Each structure stands twice: as C-alpha cells, then as structure tokens.
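As a plain string of letters, each chain reads:
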Amino acid sequence: MASPDAAAAPPTEPERWRDLDILLSRPGNLVHSTFDPSPGLRDLIGSFVEVLVVGAGGLGCELLKDLALSGFKNLHVIDMDTIDVSNLNRQFLFRIQDVGKPKAEVAAKRVMERVSGVNIVPHFCRIEDKELEFYNQFQIIVLGLDSIEARSYINSVACGFLEYDSDDKPVQETVKPMVDGGTEGFKGHARVIIPGTTPCFECNIWLFPPQVKFPLCTLAETPRTAAHCIEYAHLIKWDEVHSGKPFDADDTEHMQWIYSEALKRAELFGISGVTYSLTQGVVKNIIPAIASTNAIISAACALEALKLISGCSKSVSNYLTYNGLVGTHNKVTEFVRDTDCLVCGPGTLIELDTSSTLSEFIKMLEEHPKLLMSKASVTHGGNNLYMQSPEVLEQMTRQNLSIPMFELLKGTPFATVHVSGMAESNGKKVSSLRKLRVAFKGVEEASKMDTTESS
Amino acid sequence: MAAAVAVAEPKTKYDRQLRIWGDQGQAALEKASICLLNCGPTGTEALKNLVLGGIGSVTVVDGSKVEQSDLGNNFLLDEGCLGQSRAKSICSFLQELNDAVKAKYVEESPATMIDTNPSFFSQFTVIIATQLPESSLLKLDSICRSANIVLVAARSYGLTGLVRVSIKEHCVIESKPDHSLDDLRLHNPWTELKQFAKSIDICDKDPVVHKHTPYIVILVRLAEKWADAHDGQLPSTRQEKREFKDLIRAHMLNVDEDNYKEAVESSYKVSVTPGISDEIRQIIDDSSSEVNFSSSDFWVLVASLKEFIANEGNGELPLEGTIPDMTSLTEYYVSLQKIYQAKAESDCLAMEYRVKSILKRIGRDPDSISRACIKTFCKNTRKLKVCRYRSLEEEFSSPVLSEVQKYFADEDSCFAMNFYVLLRAVDRLAANYSRLPGQFDSEIGEDVPRLKEAAVSVLSDMGLKGSSLSEDLIAEVCRFAGAEIHPVAAFIGGVASQEVIKLVTKQFVPLNGTFIFNGIDLKSQVLAL
Ligand SMILES: [Zn+2]
C-alpha cells in the first residue's frame, strides 16, 4: 500500500479523521503482516481503493454509511430494487417520499450529502446485467444480500478472477476478497472470503439449506395449517381460475384474492389462523428484519473490510454468527476450504481436441455432469468469444462458433476460460458462472499445466 | 404508485419487526421514553436504531459543541452543524428518520447532570449511558437502581468496547427461544387424548388412512402397548428406546410412510421426564413467589402457577395447547388441535381462578391481571426467565472470583477479561493524569507501563494476584487512545439498542452481564461478574 510520494504529503483533514487516523497511523502487535502504518494511509485508501457494495437494502444502507466513515472514498452500489414502505423501519437512508425510487440511487445520494468527500456510483440493475470486467475494478466486494442465488453469483464472479500458479498457489494479484453479511430477525452472520485461501460461498453452501416446500399433495388433499391453505390458493387455485395471467405478489388486488381464497379453504377444512399478514409472509417468503441486527452485522462487515484493506488489525477467521435472542451470542467458526470446489478451485478441467469448435464446446457444457450449463456465453482473458446477448454482441461473436477453440485460444496448450449461462440448482434454473481449464489433447502433458499465461 | 402517500401506515412501515415482537411489543416500544447520555457515534447509532423502530420518545443529554472530529465518525452530523450544540444537531437529524418519534435534547454534560440533578432520570424507561467513566457510571447506576430504571451502559474504545445491562430484576414471560420442545404430553397423556387415540385404528388396512394417521396417535397407542408389556413403565434405557423404535417400525405398511418416520424421530418424547425443569423449579421456589400487596404481576402469576402444579396440574405445568404440523388427514389433525386447545383452555381457567384468589388474598383487585395476560403466561410457563443483575458497585467491589479465574483460564474469554480490566485501568489513569493513555504520540512509551501498573492495581482490588495480563493487549489499548471508530461504535450501539428492545418489550432474553467486543478477531464474549 505504501507509496513514498503519497506518504510524504501531509494528510488531508487530520482533525476530522482524528479517531480513524489513530488506528491507521500507529503500529501494533496484533496487526496484519502487511500493515504499514502512516499518517497518510487513510488518504492512500481513499484515493486508490474502490469498493463495491452489493445490495442497498437493510445491510447495504448501513454498509455505505459505515464504509464512508471508515476512510473509503470511492464506492459503488448495485441494487435492482425500488423502495417500499416496509423498508423504512431499518433502511435509514430512505424516507416516505422516496417510495418507488431506486434504492441504489437514493442511498448513494443520501450518503454523499452527509459525508463530504465520498463518491458513490449507483447501479440500478441486476447483478447479472454487468459485464464481468465491471467487477474486476474493485479491490474488495462487500455483500449485503438476502438471497442465496445472488450471493452465489457474486461469489462465482469474484472467484472467477482467481488464477493459480504452477504450484497451485493463488496468484496474489488475482485474489478478490469479499465480505459477506446476512441477517434474519435477531440472528446474523458476517464472513470474510479470500478466494483460494478461505472457503468461498460455494465451499460451505450447506450452511444455507434450501427452503422446505410443502408437497403439492398436502396442499391439495390434506391441508392442516393456515400456510397450507394460503399456498393452495397461491400455487394451485390462482392458475386454475386465472388461466395464464401471472400472479404478481406486489399487486394488492392479487394478494387480496389469495387471502380470501385461503380463508374460504380454511373455513371448509376447519383450519384457523389465516390472516392477511400471514398470507403476505407465506407468499412473499418474508424474512423478518430489524434495524439493530442489520447495524451489528454491517458494522462487523465494514470493520473487516477496513482491516483487510489497511491491515490495521487481524481478520476474523473466518465466519461470525451472531444471535441476540438469548443474550448476545457471538461465535467464530473457522471453516475449511473444499479443495475440490468447482468455484474457487483451479477450475474444472475440460479436454478438447484441437479440432473442436466453439459451438461443439458450448454443446459439451450442456452435457458435462458437473456443469449442466445451457445457453453458455464464453469469455477468455476479458475477450468475448461468444455472447448469447445482447443481440449486437451475439452478431459480433457469432462467426466464432465455427472456429476451433484451439485457434481462438491462440494455440496455447492450456487456457482458463469463463462460461456463464443457466444451470439447474434445487430444481430451479439459475444464472451460473464457471471457470474452466481447457486442455488440448496431444499438445502437451497435462501435468505441466500453467494457467497464468492465459491472462 | 405509493409515492403520493404522505404518511406511512404504521402496520406497513413496521411490518418486518411486527413479525418478530407483535403488536404488544410494538406498543411497549411506543410507550417507552429513552434517555441517551453523550451523543457520540456509539450513542447516536443506538438511538438511530430505536427511532427507526418507532420508540416513543428520546431525550439526548450532551453538553458539547460539534467539532471537526465528530464529522469523521458520526453520520448524523454534517458541516452545517459545526460549532452548534451536538445534542440539538443530533436530535434534528434523528427526527428526520421517523416523525412519529418525539426527539428532545438537554444541553448539559451528563457528568454534571448525574452530580447535580439525579431526579431528572426518574422520568425515563431506559437510560443509555455512553462513553462515561467509571466514577460517573457508578453514581448513575445507584440512581437508576433506586428509581428502578433500566440502565444500559455502552462504550467504544478503539477496537474494543462493552455493553452492560443493569437492573435489579427483569422477568420475561415471552422469552421466545429459537428451539423449544413441543409440549405434547406424550409421556403423560390425559383422558381425552387417550380416548381420541383409541378411536383410531392404527392398523387400518386402507393405505391412505394408515399413512395419514398422525404420529401423536401412533405414539400414544404404542406407548400404551409398550407399558402394558412392561409393568406399566415407559421405555427409559437406551436399549428400551431402541426396541420402542423397532416396535413403531413394525407397524409400518410401507417404507415411505412419513407419519411413521415422524413417529420414530419423535419417539423420545414418550420418555421425557415428567414434571418441571430445574430452571422453572428455581423460579417457583424463589422467595419472591411468596407474594404480598407490592409484588409484581409476574410473581403473582408464579405464585398461582405453584398452586396450580400442586393441585390441578398434578405436578405438570399448564399445557401450551399447540401442536406442530405433522403428516395427517385434515380431520384427524384438526380434532387433535381441538383436544390440545381444550386442555390448554381448561388449565388456563384453573390458573385464572388461582390468580384471582391470590390477588384477593394480598389485597389487590382480583381483576387487575387480565385474562389475556394469564393466557400468555400459561402458554409460556416452560420458558419463563428471571434475570437479576448485580449493581456495578457490587461487581467492582466483589466480583465473583471463581468466574474471573475461569475466564482468565479460557483463551477467548481471557482476551475479553483483559479488555475488561484494561478499560477500568484506563479510567483510573485518566482520573490521575486528566488524559487517556496513549492520547499523545510522544507519551505512548511512558503510558504503556503506567497502564500496566493501573491494570495490576485493578486486578489486586478484584482480589486477584498473579493473574497475568497480555502485554500485546496493554500496548493495543494504549494505541487505541479512546478513539471512537465508526464501525466499532455502530456495532456497540447496535448491541445496546437491541438490548433496549428486549428490555422494553419484555420479550427475548437480555444479555446476562458485560458484553465485551473484540474487534481484533471478532471473538466477543459476555462476562458474568
Ligand atoms: Zn469454494
């Protein structure tokens, strides 16, 4: 981090940042080995570090505030949602007048108004809409999400940049650290992911078991609870009555219809407990959320981001769980990497004949048992080999389909390519991104594989 | 769509938290008045979380003016506030977050307020005292104790900090634990449940009926069958429990019968020790359950519970009255639900009778505890919690030595114990030198041995000789020099606000001592001293 010129310049606004500078300018015994304390360290971080915050909800609002007050000056925030009234009990950057506006834009504006000198670029879009290179500009990615799929996607993007040297050690410049937070009611977690060193999201995916769904036969034949009646109206009755019209959980009329149908069914079977609030909870799968837990978890994440970037103290190793239901229970668990992980490992090996074309390669991905990826787009070292969308890119890259991969990869015996497409996970089609190691048969011994040249 | 709406419907605005603490919890929050001492980032962040959740009113006591350094760590201040009252500036930004909350301020230093106007504090539900030195905190604690006001002390200090709750007694009916065993009484079924189980043929040859017979019925019937063959005893040894599972499996018609799988998984419930857990026994036997005119409702209810157990309860608590979802025909399940509900209602009625008669006996209005309250109590008797906190004075003058030694012996708690001692040592040094150790770069070298000396004297006052402190942590605390780092303050303030919510709603269980934040590796601990 040290740069002699910047360190020599007097620090900006020393009075304002007095407290933070104490931590960044004084040496300590329990710090990271890379820590280089100096009065100018804060300015170095402010000038050279770009941070991405994924999500501008309960955690995201807190994270932007915490990071802006931790010396980070270049932030980006990405979120596809707009503000809802039910966000206001914890997403403190939003006001009632903001309802309906994009979260990322309002959150960025509010933090910039309050903390002078900080610049936040909002991105009101889906995380999948961004090109991979967008994510490569950040030194660290902080996640404030409530969806497993989104975490999994960002994790695969960040791990996708990771390259291994010939000894299977991570190449330091390609490591993109992440800090991930999550909450549910009084409980939450904060974790640090250093791809190639600590377990990635996919290594411990079992920590996030998929939600249990009611069997359809229970809903149709032996309902017992209010939730069964609601799901019957939602998953079975709606389609029966509204042939083809999609259900919209944000449409109050739709929700009212589900509620009244659920009530009718509950009455028919002598089941109690159907309320409008429960109907919303079941249909939208609402996770209860409170300001204090979001504040606690975000603070832990921001602090870890500051420590990772500055080295001013050790890092959590590597997973904190918090539970405020009974006392304030903190537990740190050191999970281990899955060395065979498809996402943060060196990459799934695909062997190709030198004559295999790009289109044959894409076909292989569909059938590969570990990938089962359809509609794949393929990139190599930041260059698009084939893109399914948008249309202009598809047209530009279409002619590559008939060219052998060996030629497209400039005749190198081994190369790392990134593929993104749709894959099946828990019975659902989800966006998937995978890093692959392509080896060409008969060109060189596979044991001498070196992926560094691919960049 | 909703952009034209000027005010948010509270039901919608608070939806995500109402799902946690319900209308009653929310009503308690909206009635509460909170006083914050010192509105640095730790206190401000605590209040921010409470204001968002719709706390009744907040009063900020702070005598300082906004300085440059406030803008580096407090989000609710900006350049426009420089030179103005910090309390006033914070209040106006807090008000922006939620106009349903009343935000007031007093421009006065908390230490002066504690010294000169102790009666000021008696108007509040909870006092959140932040960044106060030990001497002021001790005085405030005794003021709060005598007025029976909840005190939550919070402090951020570099990469460490603490939160301490102090109140003589805090009783919780709705502790809402994460996991609790269903109250099914399979070890001791009552007549109606047994009769219902008997009315169902568990050997019904109709496969649909067979695989939709609820496991409650299966277990009641098979436990009876087992008892008949074992001199009236239920399975108790490991071997017997295994055999009982085999007995259940022997009744399966098919391997895919979920209800039988559930019965095997729940088979241990027939072997539950009857009667009352040690924890609840302790509450029932507490001297406070000898009630008089000035006893709280909670203890009147406990006294009634004690009578109930000895009489109608036959040694058991009132039935909770709810059953979990299980594989079953709708009609069986609904009938079972009704049987459990009816028993719970009759237990509750008996309790109500006892509550009234006790109230009458101690000279109170027999209707002064509502039926709804008795019902809630009956539903939660297995989960009652009584939290008692020692005063700070007691903790400081006579800590529980065996606990202290245990903490020093454990690696993670040892870190927390070091921070605890060092933060107290900081206050002693500050009292002597009028500055924090490490405050000036030039004096860090001298401050390290001074802090160590002060820490050793704290230890010896606690009655500990020879417990060794970590040199690394002494140096760290000197390095921190009392800096309030925003994310640390947000964490500590977050914990403080969460404790306030639990104390005000009287739901969930507040922390039972001093929470010590460890910002180095996040292995924070709670010390009960
Ligand atoms: Zn992995």
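Residues numbered from 1 in each chain as written. Chains lettered and ligands numbered in written order. Predicted model: local features only at pLDDT ≥ 70, side-chain atom pairs only at ≥ 80, totals over all residues. Heavy atoms only, no water.

Caption draft 1: Region of interest: the overall build of chain B. Secondary structure assignment for chain B yields 22 helices and 10 strands. With the principal axes as the frame, chain B shows a C-alpha extent of 90 × 60 × 55 Å. A total of 529 residues make up chain B; the buried ones form 56% of that total. Within chain B, contacts between residues separated by at least 24 positions form 70% of all contacts whose residues are at least 6 apart in sequence. Carbon together with sulfur atoms contributes 50% to the accessible area of chain B, which is approximately 21,600 Å² in total. Of note, chain B has its 59 positive side-chain charges centred 4 Å away from the centre of its 74 negative side-chain charges. (Helix = DSSP H or I, 4+ residues; strand = E, 2+ residues; numbered from the N terminus. Buried < 20%, exposed > 50% of the residue type's maximum accessible area, 1.4 Å probe, protein only. Contact = heavy atoms within 4.5 Å. Areas by Shrake-Rupley, 256 points an atom, 1.4 Å probe, with all protein chains shown as cover. Lys, Arg positive; Asp, Glu negative; His and termini not counted. Charge placed at Lys NZ, Arg CZ, Asp CG, Glu CD.)

Caption draft 2: Geometry of the packing of aromatic side chains. Scanning the entire structure with this criterion turns up 20 aromatic pairs over all chains. Taken together, a centroid distance of 5.0 Å and an interplanar angle of 50 degrees make the contact between Phe 201 of chain A and Phe 208 of chain A tilted. Given the relative accessible area of 1%, Phe 201 of chain A is considered buried. Consider the rings of Phe 415 of chain B and Phe 419 of chain B, whose centres lie 6.1 Å apart with planes at 75 degrees: the pair is edge-to-face. One end of the pair is Phe 415 of chain B and the other is Phe 419 of chain B, both in helix H19 (residues 411-433) and four residues apart, which spans about a single turn. In this structure Phe 419 of chain B comes out as buried when scored by relative accessible area, which is 1%. Put simply, the rings of Phe 134, Tyr 135 and Phe 138 of chain A touch in pairs and so form one group of aromatic residues. Stacked on the ring of Phe 161 of chain A, the Lys or Arg Lys 176 of chain A has its end atom at 5.5 Å from the ring centre. (Phe/Tyr/Trp six-rings, centres within 6.5 Å; stacked < 30°, edge-to-face > 60°. Lys NZ or Arg CZ within 6 Å of the ring centre and 35° of its normal.)

Caption draft 3: Layout of the packing of helix H12 (residues 291-310) of chain A against helix H22 (residues 486-505) of chain B. Where H12 of chain A meets H22 of chain B, the closest approach of the two axes is 8 Å, and the angle between their N-to-C directions is 160 degrees. Relative to H22 of chain B, H12 of chain A is oriented roughly antiparallel. Our pair here, H12 of chain A against H22 of chain B, has a crossing hand that is left-handed. Residues Ser 292, Thr 293, Ala 295, Ile 296, Ala 299, Ala 300, Ala 302 and Leu 303 of chain A of H12 of chain A form the contact with H22 of chain B, whose own contacting residues are Pro 487, Val 488, Ala 490, Phe 491, Gly 494, Val 495, Ser 497, Gln 498 and Ile 501 of chain B. Among the residues forming the contact of H12 of chain A with H22 of chain B, the class breakdown is 12 nonpolar, five polar and no charged. (Axes fitted to C-alpha atoms, helices over the stretch in contact; angles between N-to-C directions. Parallel < 35°, antiparallel > 145°, perpendicular 65-115°, else oblique. Left-handed = near helix turned anticlockwise from the far one by under 90°. Nonpolar A, V, L, I, M, F, W, Y, C, P; charged D, E, K, R; others polar.)

Caption draft 4: Main features of the coordination of the zinc ion. All names here are of chain A. For the zinc ion, the protein coordination sphere consists of Cys 200 (SG), Cys 203 (SG), Cys 341 (SG) and Cys 344 (SG), at 2.2 to 2.3 Å. If you look at the zinc ion, its four donor atoms make angles of 97 to 117 degrees with each other, and the shape they trace is tetrahedral. Of note, the zinc ion draws all its donor residues from one chain, in the sequence arrangement C-x2-C-x137-C-x2-C. Here Cys 344 lies in the loop between strand S8 (329-333) and strand S9 (348-352) and Cys 200 lies in the loop between strand S6 (187-193) and helix H8 (216-220), a separation of 144 residues in the sequence. When its relative accessible area of 0% is taken as the criterion, Cys 200 is described as buried. The class of Cys 344 is buried, set by a relative accessible area of 0%. (Donors = N, O, S within 2.8 Å, 3.2 Å for Na, K, Ca; no water. Tetrahedral: all angles 85-135°; square planar, octahedral: opposite > 155°, others 65-115°.)

Caption draft 5: Geometry of unusual backbone geometry. Residue and element names in this part refer to chain A. Here the residue pair Ser 317 and Asn 318 is connected by a cis peptide bond, since its omega of -10 degrees sits within 30 degrees of zero. Mapped onto the secondary structure, Asn 318 falls in the loop between H12 and strand S7 (319-323). Here the amide bond leading from Ser 389 into Pro 390 is cis, since omega sits at -5 degrees, within 30 degrees of zero. Along the chain, Pro 390 turns up in the loop between strand S11 (383-386) and helix H14 (391-397). One non-glycine residue with positive phi stands out, namely Leu 372, at about 45 degrees.

Caption draft 6: Up close: the sheet that holds S7 of chain A. All names here are of chain A. A sheet is described by the order of its strands in space; here eight strands give the open sequence S3-S2-S1-S4-S5-S6-S7-S8, paired in mixed fashion. Only two strands of the sheet have a single partner each, and these edge strands are strand S3 (119-123) and S8. For this sheet, the mean angle separating the axes of adjacent strands, direction not counted, is 15 degrees. With four bridges joining them, strand S1 (residues 50-54) and strand S4 (residues 140-144) adopt parallel strand pairing. Residue pairing for S4: Val 54 is matched across the bridge by Leu 143. (Pairing = 2+ DSSP bridges.)

Caption draft 7: Spatial organisation of the UniProt feature "domain: E2 binding" (unreviewed entry) in chain A. Under the local residue numbering, the UniProt record ascribes the feature "domain: E2 binding" (unreviewed entry) to residues 350-441 of chain A. With 23% helix and 42% strand, the stretch residues 350-441 of chain A has end C-alpha atoms that lie 10 Å from each other. (UniProt positions renumbered as here; feature names shortened; annotations may be inferred.)

Caption draft 8: Focus on the packing of helix H4 (residues 58-68) of chain A against H12 of chain A. Residues and elements named next belong to chain A. Orientation of H4 relative to H12, taken along the N-to-C sense of each, is 45 degrees, at an axis distance of 8 Å. On the basis of their axis angle, the class for H4 and H12 is oblique. Considering the relative orientation of H4 and H12, their crossing is right-handed. Between H4 and H12, the contacting residues are Gly 58, Leu 59, Glu 62, Leu 63, Asp 66 and Leu 67 on the first element and Asn 294, Ala 295, Ile 297, Ser 298, Ala 299, Cys 301, Ala 302 and Ala 305 on the second. Here the contact of H4 with H12 is composed, by residue class, of nine nonpolar, three polar and two charged.

Caption draft 9: Expanded view of the side chain of Lys 48 of chain B. Positionally, Lys 48 of chain B belongs in helix H3 (residues 41-52). Once residues lying within four places of it in the same chain are set aside, the contact partners of Lys 48 of chain B are Glu 62, Lys 65, Phe 92 and Ala 295 of chain A together with Leu 94 and Leu 97 of chain B.

Caption draft 10: Structural view of the sheet that holds S11 of chain A. Residue and element names in this part refer to chain A. Spatially, the five strands line up as an open sheet ordered S9-S13-S12-S10-S11, and their pairing is mixed. Looking at strand neighbours, the two that pair on one side only are S9 and S11, the edges of this open sheet. For this sheet, the mean angle separating the axes of adjacent strands, direction not counted, is 35 degrees. Strand direction decides the pairing type here: S9 and strand S13 (residues 428-440), joined by five bridges, are parallel. The residue bridging Leu 349 from the neighbouring strand is Arg 437, located in S13. Contacting strand S12 (414-425) and S13, helix H7 (residues 148-160) runs over the sheet at an angle of about 15 degrees to S13.

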